[in-house]
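# Chains, contacts and geometry: an overview
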Amino acid sequence: TALQSLGFSKAKNVEEANAAIILGYGMESQAYQYTCALPIWGQNGISSSQSTGSINTFGNSATYSCQTSYTPSYGVVSSMPCTGTKVLSSGYITLSCFDIVKYKKTRNAEDARPLWFTTAASAGQNGDMRIMFPIMLTAMLPHIATNTGKAITVDLPENDDYAQKIKNCASAPY
């Protein structure tokens, strides 16, 4: 596992442990209302016209016959209001590692010295932690116990191979 590759191993009990790694996670969703105007397309005028005609003469009189054809123009003629709701979700995972050698002697929480923190966050429309947890954990794996010096953006699809392995491991019966 990722923690084993960093030199961590599972202690048989708390008394043998030198460090405590704590996993924290959370997810919240927020609904947003929106309004918009949907354009309505239709005939909005005449783009051109063409007239043809003929003159008939009878002595001192004449008649004129004309036919005009019009080519319509099309575009937005109106709009229709629309409203809707969009749900955006945000989630996080935090791995925190504490040196607990002194804590075990004093049982004072202030003596559990922090060694490192690694956090992954997600924002989007998927608020299902069963899907997002393996993806966020996969994104944070290369950065566990390191100082990146800045926030790093990682884009992973829901069907990422490693995230699927984590998901399948989590659902395995023990």
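Attention in this report is confined to the structure presented alongside it. The shown structure was predicted, so the numbers you read here are calculated from the model rather than taken from an experiment.

### What about the layout of surface pockets?
- Roughly 590 Å³ of volume is contained in the second largest pocket.
- Looking at the second largest pocket, it is lined by 27 residues, and the ones nearest its centre are Ala120, Ala121, Ala139, Ile152 and Val154.
- Looking at the lining of the second largest pocket, the elements with two or more residues in it are strand S3 (113–124) and helix H3 (129–140).
- Classifying every residue of the lining of the second largest pocket gives 13 nonpolar, 11 polar and three charged.

### Observations regarding the nonpolar core
- Of all hydrophobic cores here, the largest spans 15 residues; its most connected members are Ile93, Met136, Leu137, Met140 and Ile144.
- The element best represented in this core is H3, accounting for six residues.
- Apart from residues no more than four positions distant in its own chain, Leu137 is found in contact with Ile93 and Ile166.

### Regarding the packing of aromatic side chains
- Under the defined criterion, the tally for this structure stands at three aromatic pairs.
- Summarising the aromatic geometry, the rings of Tyr25 and Phe133 are spaced 5.7 Å apart at their centres and angled 90 degrees between planes, so their arrangement reads as edge-to-face. Of the two residues, Tyr25 is situated in strand S1 (residues 19–58) and Phe133 in helix H3; the sequence distance between them amounts to 108 residues.
- Judged by centre distance (5.9 Å) and plane angle (85 degrees), the rings of Phe98 and Phe117 are edge-to-face. One end of the pair, Phe98, is in strand S2 (residues 61–99); the other, Phe117, is in strand S3, with 19 residues separating them in the sequence.
- Residue classification places Phe98 among the buried residues on the basis of a relative accessible area of 18%.

### With respect to unusual backbone geometry
- Its identity is not glycine, yet Arg107 carries a phi of approximately 60 degrees, on the positive side.
- Following the sequence through the fold, Arg107 ends up in the loop between helix H2 (101–106) and S3.

### Some details on the pattern of salt bridges
- Inspection of the entire model under this criterion finds four salt bridges.
- Among the ionic pairs, Arg113 bridges to Asp99, the shortest N-O distance being 3.4 Å. One end of the pair, Arg113, is in strand S3; the other, Asp99, is in strand S2, and 14 residues separate them in sequence.
- We note a salt bridge from Arg130 to Asp128, for which the minimum N-O separation is 2.9 Å.
- The exposure class of Arg130 is exposed, given its relative accessible area of 63%.

### Quick word on the environment of Ile166
- When you line up the elements, Ile166 lands in helix H4 (residues 161–170).
- C-alpha of Ile166 to C-alpha of Leu23: the two residues are 143 residues apart in sequence and 15 Å apart in space.

### Looking at the environment of Thr118
- You can see Thr118 is positioned in strand S3.
- Thr118 sits in the buried class, given a relative accessible area of 5%.
- The sequence separation of Thr118 and Asn147 amounts to 29 residues, and the corresponding C-alpha distance is 8.7 Å.
- Of note is the side chain of Thr118, whose polar atom sits 3.3 Å from the backbone nitrogen of Ala145.

### Here's the deal with a nonpolar patch on the surface
- Together, Leu38, Ile40, Val77 and Met80 make up a nonpolar patch on the protein surface, roughly 320 Å² of accessible area in all.
- Those elements that provide at least two residues to the nonpolar patch are S1 and S2.
- Among the secondary structure elements, Ile40 is positioned in strand S1.

What counts and what doesn't
- Residues numbered from 1 in each chain as written.
- Predicted model: local features only at pLDDT ≥ 70, side-chain atom pairs only at ≥ 80, totals over all residues.
- Heavy atoms only, no water.
- 1 Å grid on protein atoms, 1.4 Å probe; cavity = no way out; pocket = protein on both sides within 12 Å on 5 of 7 lines; lining within 4 Å.
- Points joined across faces, edges and corners; volume = space filled by probe spheres on them.
- Helix = DSSP H or I, 4+ residues; strand = E, 2+ residues; numbered from the N terminus.
- Nonpolar A, V, L, I, M, F, W, Y, C, P; charged D, E, K, R; others polar.
- Core = buried A, V, L, I, M, F, W, Y, C linked by side-chain atoms within 4.5 Å.
- Buried < 20%, exposed > 50% of the residue type's maximum accessible area, 1.4 Å probe, protein only.
- Contact = heavy atoms within 4.5 Å.
- Phe/Tyr/Trp six-rings, centres within 6.5 Å; stacked < 30°, edge-to-face > 60°.
- Salt bridge = Lys/Arg side-chain N within 4 Å of Asp/Glu carboxyl O.
- Polar contact = N/O pair within 3.5 Å; in protein donor to acceptor, adjacent residues only side chain to side chain.
- Patch = residues over 30% accessible without salt bridge, like charges linked within 9 Å, V, L, I, M, F, W, Y side chains within 5 Å.
- Areas by Shrake-Rupley, 256 points an atom, 1.4 Å probe, with all protein chains shown as cover.

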